[in-house]
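# Understanding the architecture of this molecule
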2 protein chains.
Amino acid sequence: IIQIDFSALFWNGLKWIFFSALLGIIVGSASALFLEALNWATQYREQHLWIIGLLPFAGLTIGLAYHYWGKEVVKGNNLLIEELQSPKNIIPLIMAPLIFAATIITHLFGGSAGREGTAVQIGGAFADQFTKIFKLEPSDRKIILICGISAGFSSVFGTPLAGAVFGLEVFVIGSLFYSAILPSFITAIIADYICKTWGVGHTHYSIAFVPDMHILNLFCSLLAGIIFGLAARSFSVLNHSLSSIFGKVKYPPLRPVIGGFILITIIYLSATTRYIGLGIPVISESFTTQEPYYTFAIKLFLTSLTLSAGFKGGEVTPLFFIGATLGSFLSLFLPLPVGLLAGMGFVAVFSGAANTPLACIFMGMELFGVSSGIYIALACTTAYLFSGHTGIYRSQAIGNPKYRLLKKHSFLR
Amino acid sequence: IIQIDFSALFWNGLKWIFFSALLGIIVGSASALFLEALNWATQYREQHLWIIGLLPFAGLTIGLAYHYWGKEVVKGNNLLIEELQSPKNIIPLIMAPLIFAATIITHLFGGSAGREGTAVQIGGAFADQFTKIFKLEPSDRKIILICGISAGFSSVFGTPLAGAVFGLEVFVIGSLFYSAILPSFITAIIADYICKTWGVGHTHYSIAFVPDMHILNLFCSLLAGIIFGLAARSFSVLNHSLSSIFGKVKYPPLRPVIGGFILITIIYLSATTRYIGLGIPVISESFTTQEPYYTFAIKLFLTSLTLSAGFKGGEVTPLFFIGATLGSFLSLFLPLPVGLLAGMGFVAVFSGAANTPLACIFMGMELFGVSSGIYIALACTTAYLFSGHTGIYRSQAIGNPKYRLLKKHSFLR
């Protein structure tokens, strides 16, 4: 029986409670401020639609800001993932205000983007200042970075358990980093608590009816999961293709200007703001009303365009939108309730695109309750398996390939 | 971007749906039969208490059965874990009927034991017959064994998500086996569905009141988690010590006879059947009534004695008992509601003893709902960290040591 040095464990525990509490308070407060600012930006845009006409100029501002001050941090989430895999440099604190401002500008002027990337980068940037201030060793640095990511995710969505597991799961595909499990949970829980204490709420979604599981429903869930996985894959592929097309514009600040012109043309022609910004109203609607086939596709295209042109924000809320509206549309064919399919898609497309199936199952349970848990789990794991190895985070390492097994089955290839 | 062979993935998926469905039906049905038999045995014992006097003879029967027919399978869960780590031989089907009968006998005559070990071994034994019949390759064998374990756990407790994650998490400490994620979930969900379809229900527990999280509650949760972790550690240590004491009796069938005599002496002197069998009534009671300090300790001792003497059954329901009654007792000191502490202990002691924190968080959410999720998560991860590396399954490999980080902090040691 291996001996434990309980006093060491205890003091180490106290140290991490201190770090976690401090980081949780900072990141939770930053998320609260961010969510409030995002709310204001969304409302202002919806009440002053002419502002969308300035999208190219907004893009130029973001482009110039990153060109002059943000070259080191322009990789965003991928920079965090790379530092977790092979530590190089402390993440500059400027990552936090840059991504904060750029995201608010993107949303204010009508880009289609999310918010988790912003929260995660704010969390990561603040966390890495601990490395400098408290002179953390590499192993501790890894833990504090994970805590920052968890805290950002947790507080921006109001889902502490999903946030904690997301931080542990995101940087290596097919692997979960147990060594940070307690600090990650503590930081995520504190950050969420602090964000709520500031009076910032989160949208509530609910699945009206969950049928009993039986064999037909099981098959439908798996089929839906495959479709969600392919949607996730399409999003990642389109993102990467558009990025390389925009990459041909050699002067980076010009990219969001061009992207902005394309976006306002599309928004003007479609004559609706349904598909820009976060899209929370449409997500909510999709839980009760069957969406047409094009809702998810338009959002998928506009978000890929917005982000690969160099506007800022996250991918996750658009992925919720894509998944929920795709699921809602699938209720046309699949004999499952529209709300359940929307909820399954909400987390499953994200599961496939971020390669974080367990975080997504937790998120589904935190958002929609336990009763839909088995449907959520089937959809998230299937989508994870059918989305390929290149998700939205290009820097993810592949710890356990999803299809290692297949390689040996030559008869199946 | 890595290419995916979707048709291979699809056909492989269909193959696993077939295997999972078949295995889920078999294991779910076996669990239903087992739970019914266990119910009958418990009721019969409670109505005919004289039968406890025959415990030494029951022990002799079990001892002889394993001595003559079960030498290969006497390691039980550890055999499954070893085969998952380094495959040697197909698990003999006799494991299933032997553990089934021995567990029923143990409960009928008044031993203190659980049921997960039995369900998991039935699941694993049936699963490995697939290896033989369908000539599975080593990588597929690993998946089907995990599916068997998941199915057994899922159906015996009525918690499909916890069952699925338990199978993925149990054989290596600090690691989760993503390669089996979809088959494991499908099998666990089908097994649970089949068991419920046979009309077999599970006990419902409920946490009456969950307070809002704040800093005091956070500290109390962590403190409770540490205590749950130490209780888990005590259980494992006592189990291993008593096992080595009984190991000095050279003729194995004699061990449960001696253990049986000690058990009936204790049961006779204590003049109660509260601490034997599964102990479900006491578990339920602990959610509403504060238990005295000795409840958990007596159960801890009686279960260690029962199992290390060679009686059969699982450890998990006794661990639920120990955790729930310990948590219930802690409400004397900690300002958290009795039901919440009982629920936290229920899963957290198990988390520490089995080294499966994520499965336990899922279990907590499936049993008690989402609202207690953050408390459950804090307790389960803390207990996991404070329980040491030698849990109830001695064969678990250590994938990621829990305190690797500490080694480098000489100032903390």
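Computed from a predicted model, the values in this text were never measured in an experiment.

### Some remarks on the packing of helix 13 (residues 316–330) of chain A against helix 14 (residues 338–354) of chain A
Residues and elements named next belong to chain A. For the pair helix 13 and helix 14, interaxial distance at closest approach is 6 Å and the crossing angle is 140 degrees. As the angle between them shows, helix 13 and helix 14 are arranged oblique. Classified by chirality, the crossing of helix 14 by helix 13 is right-handed. On helix 14, the residues touching Val316, Leu319, Phe320, Ile322, Gly323, Ala324, Gly327, Ser328 and Leu330 of helix 13 are Val338, Leu341, Ala342, Gly345, Phe346, Val349, Phe350 and Ala353. The class makeup of the residues in the contact of helix 13 with helix 14 is 13 nonpolar, four polar and no charged.

### A look at the interface of chain A and chain B
Contacts between chain A and chain B engage 75 residues on the former and 75 residues on the latter. Buried surface at the junction of chain A and chain B, summed over both partners, amounts to about 6900 Å²; 77% is from carbon and sulfur atoms. Taken together, chain A and chain B are joined by two residue pairs in polar contact (both at pLDDT 80 or more). Of the residues assigned to the side of chain A that touches chain B, the class counts are 48 nonpolar, 17 polar and ten charged.

### What to know about the packing of helix 6 (residues 138–157) of chain B against helix 7 (residues 160–169) of chain B
All names here are of chain B. Contact pair helix 6 / helix 7: the axes reach a minimum separation of 7 Å and the direction vectors enclose 145 degrees. As for the relative orientation of helix 6 and helix 7, their crossing is right-handed in sense. Contacts from Ile146, Ile149, Ser150, Phe153 and Ser154 in helix 6 reach Pro160, Ala162, Gly163, Ala164, Phe166, Gly167 and Leu168 in helix 7. Residue composition of the contact of helix 6 with helix 7, by class: eight nonpolar, four polar and no charged.

### Remarks on the relation of the copies chain A and chain B
Superposition of chain A onto chain B requires a rotation of 180 degrees combined with a translation of 0.0 Å along the rotation axis, giving an RMSD of 0.0 Å. On this basis, the relationship between the two copies can be described by a two-fold rotation axis.

### Things to note about the side chain of Asn77 of chain B
Residue and element names in this part refer to chain B. With respect to the element layout, Asn77 can be found in helix 3 (residues 77–85). Side-chain polar atoms of Asn77 contact the side chain of Glu116, separated by 3.2 Å. With residues up to four places along the chain from it excluded, the contact list for Asn77 reads Glu116, Gly117, Val120, Gln121 and Tyr393.

### Looking at helix 8 (residues 181–197) of chain B
All names here are of chain B. Spanning 17 residues, helix 8 covers 24 Å between terminal C-alpha atoms, matching the ideal 24 Å at 1.5 Å per step. Counted residue by residue, helix 8 has 14 buried out of 17 residues, so it is predominantly covered. Positioned one or two residues after helix 8, Gly199 has a phi angle of 85 degrees, which is positive.

### Some thoughts on the packing of aromatic side chains
This structure, assessed with the given rule, holds 55 aromatic pairs over all chains. Their ring planes at 80 degrees and their centres at 5.9 Å tell us that Phe10 of chain A and Trp11 of chain A sit as a pair that is edge-to-face. Arranged with centres 6.4 Å apart and planes meeting at 70 degrees, the rings of Phe166 of chain A and Tyr393 of chain A form a pair that is edge-to-face. You can see Phe166 of chain A sitting in helix 7 (residues 160–169) and its partner Tyr393 of chain A sitting in the loop between helix 16 (373–385) and strand 2 (397–398), a full 227 residues away along the chain. The same class applies to Phe166 of chain A and to Tyr393 of chain A, which are both buried. Chaining the aromatic ring pairs together yields one cluster made of Phe153, Phe157, Phe166, Tyr205, Phe287, Phe320, Phe346, Phe350, Phe368 and Tyr393 of chain A. Taking the ring centre of Tyr66 of chain A as reference, the NZ or CZ of Lys312 of chain A above it sits at 4.4 Å. The cationic tip of Lys299 of chain B hangs over the ring face of Phe321 of chain B; the distance from NZ or CZ to the ring centre is 4.8 Å.

### Describing the pattern of salt bridges
Residues and elements named next belong to chain B. Enumeration over the complete set of coordinates arrives at 16 salt bridges over all chains. Taking the shortest distance from any N to any O, the salt bridge between Glu83 and Arg141 comes out at 2.9 Å. A residue pair is termed long-range when its members are at least 10 positions apart, and Glu83 in helix 3 and Arg141 in helix 6 qualify at 58 residues. Classification of Glu83 as buried rests on a relative accessible area of 7%. Between Asp128 and Arg141 there is a salt bridge whose closest N-O contact spans 2.6 Å. Here the residue Asp128 occupies a position in helix 5 (residues 116–133), and Arg141 occupies one in helix 6, the gap between them amounting to 13 residues.

### Observations regarding unusual backbone geometry
One non-glycine residue, Ala271 of chain A, lies in the positive phi region at around 55 degrees. Examined against the element boundaries, Ala271 of chain A turns out to sit in the loop between helix 10 (254–270) and helix 11 (280–286). Here Ala271 of chain A falls in the exposed class, since its relative accessible area comes to 67%. Phi at Asn355 of chain B is positive, roughly 60 degrees, even though this residue is not glycine. As for its placement among the helices and strands, Asn355 of chain B is situated in the loop between helix 14 (338–354) and helix 15 (357–368).

### Here's the deal with the domain arrangement of chain A
How big an interface is tends to be expressed through the accessible area that disappears when the partners come together. All names here are of chain A. By the assigned domains, chain A splits into domain 1 (6–197) and domain 2 (215–398). Taking only C-alpha atoms into account, the centre of domain 1 sits 21 Å from that of domain 2. Residue-level contacts link 52 residues of domain 1 with 50 residues of domain 2. Both sides of the domain 1 and domain 2 interface together cover about 4000 Å² of buried area, and 67% of this is carbon and sulfur. Applying the counting criterion to the domain 1 and domain 2 interface returns zero salt bridges. Secondary-structure elements contributing two or more residues to the side of domain 1 that touches domain 2 are helix 1 (6–47), helix 2 (55–69), helix 3 (77–85), helix 4 (95–108), helix 5 (116–133), helix 6 (138–157), helix 7 and strand 1 (172–173). Per-element tally for the side of domain 1 that touches domain 2: the top contributor is helix 2, with eleven residues. Of the residues belonging to the side of domain 1 that touches domain 2, the class tally is 28 nonpolar, 18 polar and six charged.

Thresholds, definitions, all that
- Residues numbered from 1 in each chain as written.
- Chains lettered and ligands numbered in written order.
- Predicted model: local features only at pLDDT ≥ 70, side-chain atom pairs only at ≥ 80, totals over all residues.
- Heavy atoms only, no water.
- Axes fitted to C-alpha atoms, helices over the stretch in contact; angles between N-to-C directions.
- Helix = DSSP H or I, 4+ residues; strand = E, 2+ residues; numbered from the N terminus.
- Parallel < 35°, antiparallel > 145°, perpendicular 65-115°, else oblique.
- Left-handed = near helix turned anticlockwise from the far one by under 90°.
- Contact = heavy atoms within 4.5 Å.
- Nonpolar A, V, L, I, M, F, W, Y, C, P; charged D, E, K, R; others polar.
- Buried area = accessible area lost by both parts, 1.4 Å probe.
- Polar contact = N/O pair within 3.5 Å; in protein donor to acceptor, adjacent residues only side chain to side chain.
- Least-squares fit on C-alpha atoms with pLDDT ≥ 70 in both.
- Expected span 1.5 Å × (residues − 1).
- Buried < 20%, exposed > 50% of the residue type's maximum accessible area, 1.4 Å probe, protein only.
- Phe/Tyr/Trp six-rings, centres within 6.5 Å; stacked < 30°, edge-to-face > 60°.
- Lys NZ or Arg CZ within 6 Å of the ring centre and 35° of its normal.
- Salt bridge = Lys/Arg side-chain N within 4 Å of Asp/Glu carboxyl O.
- Domains from an automatic or database assignment.

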